[in-house]
Amino acid sequence: MTFRPVTSTRMAQPTMEGAGVHLHRVFGFGDPTEADPFLMMDDFRNDDPAMYARGFPWHPHRGIETITYVLEGTVEHSDSLGNSGRLGPGTVQWMTAGSGILHQEMPQGNVKGQMHGFQLWANLPSSLKMTAPRYQDIQKSDIPVEVDDDGTAVRVITGGFWGKKGPVDGIAADPLYLDVSVPPNTRKVLPVDTYANTFAYVFAGAGSFRDASAPEGVRVEKEFNGQELNIRDMSGNRTLVRFGTGDEICVTAGPEGVRFLLVSGQPIKEPVAWHGPIVMNTRAELMQAMKELNNGTFIKAAH
């Protein structure tokens, strides 16, 4: 067994999307090979309804899958195919946009006004970019939770882990998507696929992602406010952690414990032509998608 070294850590950056939703971008709209097959990830977390209430009005998607994981509040969604619903706390929606869909997502806070969730974009291989759109709406009760003897709890959203299998299936990148909570001052080793691109995103507490008995950190390059800093890393809230190769992740939780998403997927290794929510393989395919969006033929009839 080989531990994956930490190659970089980076703080999620504040930005605005939709009709004025204030969120933090974990990664995206840079080098698409960096996290292949994943393209973008946003952390939409806010306690002020004025910062997210306008939501994400009607917009298109083609050639990708969007994964929405809600922790607090709700997200009401509807689309051009007549689907609608509400995502509540602890639920997941895995939307395969495929050949094209128009939809909207409108967040609502809980009784305290809190809205918290994540959206991850996964690329589709060329053979599936024009597949029929579909949804997988997963309720909180359908997501298995495995608790180890030391109190480490893992919610398995997709993929297989510790003998549990997540309820999301039929995904091109064969991903692993876990919500991991490690108790204070606990060292934990988690297995991952050697050949999958893997990252962790910390959203509560802090921890050191290395083979160490104490969470004292490892010297890494960390980007903050556009500057590279050489520091001892104790990865905390809103930190993206990227790993090198290996088949195990090691994390030692800090004094408050640590909670993070652990995500991995098989690289697609295909050319990417990307404009906003439309991701194709060639510029010609991208231009065709934009043409269809403008002339009203973007949505394809069901076969």
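Residues numbered from 1 in each chain as written. Predicted model: local features only at pLDDT ≥ 70, side-chain atom pairs only at ≥ 80, totals over all residues. Heavy atoms only, no water.

(A) View of the sheet that holds strand β8 (residues 84–87). If you trace the four strands from one edge of the open sheet to the other, you get β5-β10-β7-β8, paired in antiparallel fashion. Two strands close off the open sheet at either side, each with one partner strand: β5 (56–61) and β8. Neighbour to neighbour, the strand axes of the sheet diverge by 25° on average, direction disregarded. (Pairing = 2+ DSSP bridges. Helix = DSSP H or I, 4+ residues; strand = E, 2+ residues; numbered from the N terminus. Axes fitted to C-alpha atoms, helices over the stretch in contact; angles between N-to-C directions.)

(B) Structural view of the pattern of salt bridges. The final tally for this structure, using the stated rule, is 12 salt bridges. Residues Asp42 and Arg25 are paired through a salt bridge, measuring 2.8 Å at the closest nitrogen-oxygen approach. Highlighted residues: Asp42 in strand β4 (residues 38–46) and Arg25 in strand β3 (residues 21–28), separated in sequence by 17 residues. As a salt-bridge pair, Lys164 and Glu146 come within 3.8 Å of each other at their nearest N and O atoms. Of this pair, Lys164 sits in strand β16 (residues 164–165) while Glu146 sits in strand β13 (residues 145–147); the two residues are 18 residues apart in sequence, bridging distant segments of the chain. On the accessibility criterion, Glu146 (23% relative accessible area) is partly exposed. What you see here is one network of salt bridges that share partners, running through Glu17, Arg25 and Asp42. (Salt bridge = Lys/Arg side-chain N within 4 Å of Asp/Glu carboxyl O. Buried < 20%, exposed > 50% of the residue type's maximum accessible area, 1.4 Å probe, protein only.)

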